Amino acid sequence: MKINIAIDGPSAAGKSSVADTLAKRLGYIHLDTGAMYRMVAYLCKVKDISLDAEDEIVKALRKADVSFMTDGTIILDGAIINDDIRTEEMSMSASLVSKNPKVREALVSIQQDIAKDKGYILDGRDIGTVVLPDAEIKIYLVADPLERAKRRVLQNKIKGIDSDLEKVFEDIKARDYQDSNRKTSPLKKAQDAILIDTSDLSQDEVTEKIYEVVKEKIKEG
Ligand code: DC
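Below you will find a few notes about this structure.

Let's shift gears to the overall build of the protein chain. Tallying secondary structure elements over the protein chain gives nine helices and eight strands in all. Radius of gyration (C-alpha) of the protein chain: 17 Å, near the 17 Å computed for a compact globule of 221 residues. Summarising its shape, the C-alpha atoms of the protein chain cover approximately 50 × 40 × 30 Å along the three principal directions. For the protein chain, the residues scored as buried account for 46% of the 221 residues in total. Each charge class in the protein chain can be summarised by its mean position, and for the 35 positive and 40 negative side chains these summaries are 2 Å apart.

Encoded structure:
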């Protein structure tokens, strides 16, 4: 039996890395919905569209040729944009562009369509509450903001990017505020989501915890 798994939580709580490892272990497909908002932010940058011009953004999105490959590669108008969307600038722009209800509506509909056949792990901010309210398993990951900032700096270092801890920490707090306080689908734990604080856990430990929950669920049938 294949199920869908929703993983939500604030930025840099480890959602994407855990979802990736878990998907490989289960033979599921991981859809990083944050990357979709980042793609829209990047589209706004290249087309010079203001991040709050929602009608113009949706129009540009409809015209754009976008592919989300199952290995996480995103192709926009023929170019692979995986690295372009991972800058701190795009993190903040994605958070800003995600406030627009019409942009959310367009992306949510794509996400629901992709996940309809089950066997998907979606990570984001509104998966358990809006995108897949019927997901068989919902996880809500949290971690101390400073711990998240340290992890992000380390991830950047591995990628060869130098970053300032203080600046990353401030950006994370600003995004937490923006994502949790926007009017449409703010970041929030679904009532039936399992809360995991990852502050003192390794990525493997978090993956193992969720894997155990999935095993139980699949056994129950
Ligand atoms: O997961 P991430 O940090 O790559 O996401 C970038 C931004 O996109 C995040 O700050 C808020 C927005 N986002 C959202 O509003 N809903 C989602 N399901 C995923 C991301």
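We are not done yet, so read on.
Moving on to the site of the ligand. Taken together, 14 residues lie around the ligand, and Arg38, Arg104, Asp126, Asp179 and Arg182 are the ones closest in. At a separation of 2.9 Å, an oxygen atom of the ligand approaches a polar side-chain atom of Arg125. Contact distances for the ligand include 2.9 Å between an oxygen atom and a side-chain N or O atom of Arg175. Taking 450 Å² as the accessible area of the ligand by itself, protein coverage stands at 97%. Within the residue set of the shell around the ligand, elements represented by two or more residues are helix 2 (33-47), helix 4 (88-97) and helix 8 (165-181). Here the shell around the ligand is built from residues that sort into two nonpolar, five polar and seven charged.

Quick look at the nonpolar core now. Ranked by size, the top nonpolar core spans 34 residues in total, and within it Val40 and Leu122 carry the most contacts. Residue contributions to this core peak at nine residues, all from helix 2. Those residues in contact with Leu122 that lie beyond four places of it in its chain are Ile5, Ala6, Ile7, Leu31, Thr33, Gln111, Ala115, Ile127, Val131 and Leu132.

Here is what the cut-offs are and how they apply
- Just so you know, the residues in each chain are numbered from 1, in the order the chain's sequence is written.
- Per-residue local features are limited, in this predicted model, to residues with pLDDT of at least 70; the limit for side-chain atom pairs, both in listing and counting, is 80 or more; totals at the level of whole chains, interfaces and linings are taken over all residues.
- Side-chain calculation: all heavy atoms of the structure are included, whereas hydrogens and water are not.
- Each helix is a run of H or I in the DSSP string that is no shorter than four residues. Each strand is a run of E no shorter than two, and both are numbered from the N terminus.
- Computation of the radius of gyration draws on C-alpha atoms, with the globule rule given as 2.2 Å multiplied by the number of residues to the power 0.38.
- Buried, partly exposed and exposed residues are distinguished by accessible area as a fraction of the type maximum, computed with a 1.4 Å probe on protein chains only: under 20%, between the cut-offs, and over 50%, respectively.
- Positive: Lys, Arg. Negative: Asp, Glu. His and the chain ends are not part of the count.
- By convention, the charge on Lys lies at NZ, on Arg at CZ, on Asp at CG and on Glu at CD.
- We call a residue near a molecule or strand as soon as one heavy atom of that residue lies within 4 Å of the molecule or strand.
- Polar contacts, as used here, are pairs of N or O atoms within 3.5 Å; protein pairs need one atom able to donate a hydrogen and one able to accept it. Residues neighboring in sequence count only if both atoms are side-chain atoms.
- Every accessible area reported is derived by Shrake-Rupley at a probe size of 1.4 Å, with residue values counting cover from the shown protein chains alone.
- Under the scheme applied here, ten amino acids are nonpolar (Ala, Val, Leu, Ile, Met, Phe, Trp, Tyr, Cys and Pro), four are charged (Asp, Glu, Lys and Arg), and all others, including Gly, are polar.
- Buried residues of nine kinds, namely Ala, Val, Leu, Ile, Met, Phe, Trp, Tyr and Cys, make up a nonpolar core once their side-chain atoms join them within 4.5 Å.
- We call two residues in contact whenever any of their non-hydrogen atoms come within 4.5 Å of each other.

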